[in-house]
Structure formats: structure tokens, C-alpha cells
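Close look at the chain arrangement
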2 protein chains.
Amino acid sequence: MELHILDHRLRVTSIAKSGLAHFTHPLIKLIFLRHRTRCKFFSMTETPENYTVVLDEEGFKELEASSQLQVEGSVWLPLNVLSDATASLGLQAVGVTKIAESVIAPLARQHVSVFMLSTYQTDFILVREKDLPVVVGTLEEFKIFREVGGESILVRGHDITNGLHNNGKEAVPAALQPVLIPQNRFCVMSLDPDTLPSIATTLIDVLFYSGRSDIDGLQCRCPNTWWRCSSRPSVWRRSPKQDEATSPSADLDQIKFFSFSLIDGYVSLVMDTDAQRRFPADLLFTSSSGELWRMVRIGGQPLGFDECGIVAQISQPLADCDISAYYISTFSFDHALVPEEDIARVSDMLHKQRTDPSTG
Amino acid sequence: MELHILDHRLRVTSIAKSGLAHFTHPLIKLIFLRHRTRCKFFSMTETPENYTVVLDEEGFKELEASSQLQVEGSVWLPLNVLSDATASLGLQAVGVTKIAESVIAPLARQHVSVFMLSTYQTDFILVREKDLPVVVGTLEEFKIFREVGGESILVRGHDITNGLHNNGKEAVPAALQPVLIPQNRFCVMSLDPDTLPSIATTLIDVLFYSGRSDIDGLQCRCPNTWWRCSSRPSVWRRSPKQDEATSPSADLDQIKFFSFSLIDGYVSLVMDTDAQRRFPADLLFTSSSGELWRMVRIGGQPLGFDECGIVAQISQPLADCDISAYYISTFSFDHALVPEEDIARVSDMLHKQRTDPSTG
């Protein structure tokens, strides 16, 4: 397997829900007007808490400093695993599950924070630039390439092993995070970037005008039906008014979650079925029609960027069960998407993990 | 002829060129997301000086107060002249020319300020709400209707004449304004509002991302080729860099001018041929294909809103020569558009008006 360190230097930012209007101008430029920007890596995810925007330094220049914009202090580099063509044709699980043992677990053991960003096309593993020596030292089984100006330069073949660099910290496993399993069903889609103008007004509406205040985005009629693995009390206020665009069924335990990315010319969209219905059916495509995903949101309190092993906590058991998963980290929480038909198994597994210490 | 006082209470505002980014959020909503707003009258015109936004009170609520937003203090009401069907089928001139003698001149004599807004569909004559009694008293030859909640209510038939109400001021003719005749050629177009999403990204690009600073929008290579009727010195700086979207020919005496309006569900666009080339040719339509217009910009210094008779100054001689004209007032200057083939006559006529006092 090959690991590619991509040629993007990324910033991870968060825009407050109430501050989005002040960033509409640069964000629309980054999403729709590619000829006006040199940004090549852009991702924006709405959650009930905020908008997480991950973008390269060219894109980051477009965002004016503001009290509504939080910026994580580090530069992050995206890594990408290319598996052998033969392996990817098999029936094995894909997404973060596929890299759980080879990448996620070793990095967690070395106390390297990762920020995951799955898209329709691939899974990006973001690591801090300063952690790169440890990352390269840790991922023994890979041929590692660094992409520079369109060329792939071999950094380390897997025959050369430097041994483990310990990050200078004790490899303490992260505390088990509480999880939430909202009821909405998600799809992971793409479209030809040349047809992006055709969905522009719908996408603008969904991204910039459908938001509500922090708590209202999480529409809970019956908070008790949320399945929680946390003993920490959390309070979910009921949304006082349903979004007119959502169907009546959206009234139960729906999470507001919408992710758009435009990375190296590829578009990826993650949205629930309510949002999907607002788009023309003939333009968006998914790998197998009607494939739907359920979400596991990880974290009871905002996770921050320093706790390590959070992705491993969920990707490892998913790998054990051979269940595919997309994984999208945001500024506050992490989100895994698993096939709808596997959600019961995943839910059981997470429950067991949290009640039986021997499986943690 | 009938005069209709439309059911819109309008505000006339100006957004600074440097402040547009902060208004992108509400403006995109007003232009593209009709289901999210109750605004029924919206017009936005870019000039080198600023963006003039005229909108009803529902739309005005969307604009946050800001030092970048200037608001004219009055409420304005749009008037609309409906001519007899037979008259409009003839070969007579249209636009502001048609109403020069019946509306514009009498209001000028009564010292009523008007703000004109021609669109593809019609010509709106905006008057201050407080001037309405004088307007009704002055326009003797009309049946006047007030539109209220979709109904037309007769205010005054043309048989009832109250005589002239003098606005309490001396009817002093306004000073002759200097004019500029830029070289670009304009078209006045419309499109089916349902196809607005198809041109959304282009329109957004043109409206929100093509602007430059105040002076740069007026791209002058050879200031001397501007034909001026003013003895007042004016300075036009050369644009240091051409907008990448304009053709090389745009290098000479081009004025940045783009107007979009969405009024009662009808879209109107006024743009020069350079901008027009950026839109798909099959969606925009004009009354007769290839009809092009030249601009006369009126005013050497920003006109303000209190000088009366400015529209009359140009519409009267145009009426005398039977030359059609669109007329678009903005926060700083007025703009008449006349048929390309008539620009030489218009230019001569304006020159004569300014050099021979007997024709003023």
C-alpha cells in the first residue's frame, strides 16, 4: 500500500452559526467561482454547533479575521492511502475501516492527532505538519510519497524502517467518548463539477440559508429516544419551529448535518435524505443507487484537537466487524457514517464497548 | 392614459463598493431565493461609484445597518403609466421619451423629484410618498389608480381636475448637467424567472465578484475621448489593470454599469456587450435581437435627490426628436440609454443644448 502526503497545507476553521452571513462572500467564491481562486482544497460541513471549514492556505486568505471565525493553530497535511487495485475490487469494507489497523491505530498509539475527512472519492487523514516525522516513522508498512508540484517523490519505501518514533508522550488511550445516533439517513454523493452551476441556487439555499441557531439545528422532539453512551447529562432543546424544507418525519431526532467538499476538482456531498430531495435527482450520483448511511456522532463535549485515539475507538471495532464507514471530523465533534443495515450491530457494539470494560 | 400608483413602499439605498461583501448574504437571498423573502420589488445597479439598491420595505429589512450602507431618507412610491393599447402598437418612441411630456415635464415644473427606473418590461417613475398629493394634482390628463392588495382603486379620473398644486417652491429649472457618453454598447434583456437558477453562478460572478474600487470601474485609457458637456474639470484615472473578463476592445472609455431587477416576478437586466457574452445566449432575450443602446450619463458631481428637472432635461429633447430611451437613476448619477444609431443625433442635441442657451 502507498501513503501519499498531498501537496496542500490546510487550516481547520470554524464559523459561528450566527456569523455565516459575514462569510457568504468568500465561501461562495470558493465553492462556485473556481476561476477566481487558487484554492484547491475546500470542505465545509454544517453541524448543529457551527460550520467547519477546512481549506488550503490560498483559500484561507479569503477569510477575513473575525470574532466569528475560530482557527485551529496548526497547519495540517492531508494523507491519502492508495490501496492495491486488487484489494479494492474485493468485497472488503471501505472507508475509514480499511485504514483502521494500518494507519489509524498506529498513529493513535504514537499519540498523533488525526482529523478525518471522508469524501465520496476517498478518505483524507489530516495530520499536523509538525507531526509528520512521527507519522512517517510510524507507518512502517507503507511506501510513502510526498506530492510536490504534481510529482510524487518517494519519502520512504516500506523496506526502510526507522522504527517507532515515540512522540515524546505516553501512549494513553483516549477516554471512551459518548456517542449519539440520530435518526436521519444520509447519502454520500458526487456530481460532475461542471454541473455545479446547475445546483447552485439549491446548494446556496441549503448551505447558507437553512441554518438556525446553535441548538435549533438539532431538532429533537423526544430527547429520550436519543441513544446515549454517556453518563454526562446533555440537554437538547426542541426546535420551536420546523424548517419548512424538511418533511414531517424530520421531526424526530434529526441532526442538522451537511457537508460539501471541492478538492482537486472533485465534488463530494454528504446530506440526509430530506436535503437530497431538494436537489435534482439526475445530477447527483452515488456509488450504488439508494445506498443509505446512518450516523454515529462521537463526543459529548466538543472534542478539541489534542485528544488522540478517538477515530481509533470507533474504526477498530468497525474493522473487527468488517463494517464500512465514512468518517468526518468537525471542529466540535466527529461523525462516522455506517451502512443503514449495520446500524443495529454498530449500536450494540458501541454499547458493549462502553458497558463492558474488557472490550474497551 | 392611466397612471398606476403601485403597491410598493420603496427605499433607495447605496452600498459602498468596498462594502459589498458584507451584503452578499442578504442580496443573494433577495435575488435568488424568492421562497425565503416577501420582497416583491428589488433592483440593484452597479456603477463605478457604488451599488444602488432599490427595494421594498420587506427587502430593506434584510439589509443590516452599516457605515457602508447609505439610505435616502424618504419612502418612494413607484408610478407606472399604462398607455392605450393602440398607441403602443405604433412606431412611436418608447421608454422615458413616451412619458416626457405627460409626466416628467409637469412634475419637473411642480418641483417634484423623480427617480426613474426603466426595466425591460416598463418604466417606473419613483416619487416621494410625501409628494403624492402634488403628483396626483399635477398629472391632469391621467386616470389615476392606486393599487392596494392586488386591486386597482380609482383615485382620480381625468375628468376631475383639481388644478395645479404648487409644491410651495418656485419652479426654477435645474442647472444643465454635464454628460458623459461612454463607448460601450448595452442591451436590455429579460429571462424567464424560472431559469434564473441556470444563470446564477454567472450572475453572482458579475454582480458580486467583478467589481473594483470606485475609480477603477471606469476604465479609461484616453480620458480625452470622453465627450464632456461640462466646464467643470473632472479627472478619470486609468484603470491599472483590465478586468480579465472584458475583451481588449473594452480598453477604451468603458463604463462599469450592470443593472438587475426582479420586480413582481419579472426579471430585467441591463448590461454591456462584454457582460452579455458571459451569459448563455439561449436564456436571455431582448425585444428585437441585436438591439443595442448607448449610454448618456448625466451629472458631473453626484446629483443627490433634491434637484428636480434632471430627467426632463434629457427626456424633453429626446421626445422632440422622437428617440426612445431607457432611463436608470442611481444614487449618484442618472443614465439614459438611447438606440445606438441615434447616439450621434443625441450627442449633437445635448451639445447644442449646452452651448446655445436658447435651446436650453
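Residues numbered from 1 in each chain as written. Chains lettered and ligands numbered in written order. Predicted model: local features only at pLDDT ≥ 70, side-chain atom pairs only at ≥ 80, totals over all residues. Heavy atoms only, no water.

**Topic: the overall build of chain A**
Along its length, chain A carries 9 helices and 17 strands. The buried share of chain A, reckoned over its 360 residues, is 58%. Pairs at least 24 residues apart make up 77% of the contacts formed inside chain A by residues separated by at least 6 positions. Of the accessible surface of chain A, which amounts to about 15000 Å², a share of 51% is contributed by carbon and sulfur atoms. (Helix = DSSP H or I, 4+ residues; strand = E, 2+ residues; numbered from the N terminus. Buried < 20%, exposed > 50% of the residue type's maximum accessible area, 1.4 Å probe, protein only. Contact = heavy atoms within 4.5 Å. Areas by Shrake-Rupley, 256 points an atom, 1.4 Å probe, with all protein chains shown as cover.)

**Notes on the environment of L132(B)**
Residue and element names in this part refer to chain B. Its place among the elements puts L132 in helix α5 (residues 132-138). Residue classification places L132 among the buried residues on the basis of a relative accessible area of 10%. Spatially, the C-alpha atom of L132 lies 8.4 Å from that of L77, the residues being 55 residues apart in sequence. For L132, the residues in contact, after removing those within four places along its chain, are I5, L77 and R146.

**A closer look at the packing of aromatic side chains**
In the structure shown here, the tally under the stated rule is 20 aromatic pairs over all chains. Arranged with centres 5.0 Å apart and planes meeting at 70 degrees, the rings of F305(A) and F331(A) form a pair that is edge-to-face. Note that F305(A) is positioned in the loop between β15 (293-298) and α8 (310-321) and F331(A) in the loop between β16 (326-329) and β17 (334-339), a separation of 26 residues in sequence. The exposure classification of F305(A) matches that of F331(A), with both residues buried. On the basis of an interplanar angle of 15 degrees and a centroid distance of 6.0 Å, the ring pair of F115(B) and F305(B) is categorised as stacked. Of this pair, F115(B) sits in strand β7 (residues 114-118) while F305(B) is found in the loop between β15 (293-298) and α8 (310-321), placing the two residues 190 residues apart along the sequence. Owing to a relative accessible area of 2%, F115(B) belongs among the buried residues under this scheme. Overall, the relative accessible area of 13% leaves F305(B) in the buried class. (Phe/Tyr/Trp six-rings, centres within 6.5 Å; stacked < 30°, edge-to-face > 60°.)

**Brief notes about the relation of the copies chain A and chain B**
Structural alignment of chain A on chain B gives an RMSD of 0.0 Å, achieved by rotating through 180 degrees and translating 0.0 Å along the axis. A rotation of that kind, with that shift, is consistent with a two-fold axis. Here 100% of the interface residues in chain A have copies in chain B that are interface residues too; the copies meet face to matching face. (Least-squares fit on C-alpha atoms with pLDDT ≥ 70 in both.)

**Side note on the pairing of strand β1 (residues 2-5) of chain B**
Walk down a regular strand and you will see the side chains alternate between the two sheet faces. All names here are of chain B. As paired strands, β1 and strand β9 (residues 143-148) are joined by 4 bridges and run parallel to one another. Within β9, the position partnered with L3 by the bridge is I144. Alignment of β1 against strand β6 (residues 76-82), held across 4 bridges, turns out to be antiparallel. Bridge assignment links L3 to a residue of β6, and that residue is V81. (Pairing = 2+ DSSP bridges.)

**A word on the pattern of salt bridges**
Under the criterion given, the structure shown has 28 salt bridges over all chains. Measuring nitrogen to oxygen at the nearest pair gives 3.1 Å for the salt bridge that ties E62(B) to K29(B). You can see E62(B) sitting in the loop between α2 (57-60) and β5 (69-71) and its partner K29(B) sitting in helix α1 (residues 24-32), a full 33 residues away along the chain. What makes E62(B) partly exposed here is its relative accessible area of 25%. Through salt bridges with shared partners, a single ionic network connects R9(A), E57(A) and E129(A). (Salt bridge = Lys/Arg side-chain N within 4 Å of Asp/Glu carboxyl O.)

**A few points about the interface of chain A and chain B**
With 22 residues of chain A in contact, the opposing surface of chain B contributes 22 residues. Both faces combined, the contact of chain A with chain B buries some 2000 Å², and carbon together with sulfur accounts for 57% of it. The largest per-residue losses of area from chain A upon contact with chain B belong to H25(A), R36(A) and Y209(A), which jointly make up 36% of the total buried on that side. One can count 2 salt bridges joining chain A with chain B. We note a salt bridge from D205(B) to R36(A), for which the minimum N-O separation is 2.4 Å. On the surface where chain A and chain B come into contact, there are 15 residue pairs in polar contact (both at pLDDT 80 or more). Counting residues per element, the ones that place at least two in the side of chain A that touches chain B are α1 (24-32) and α6 (200-209) of chain A. (Buried area = accessible area lost by both parts, 1.4 Å probe. Polar contact = N/O pair within 3.5 Å; in protein donor to acceptor, adjacent residues only side chain to side chain.)

From the geometry alone we can't say anything about function, so treat these as descriptive.
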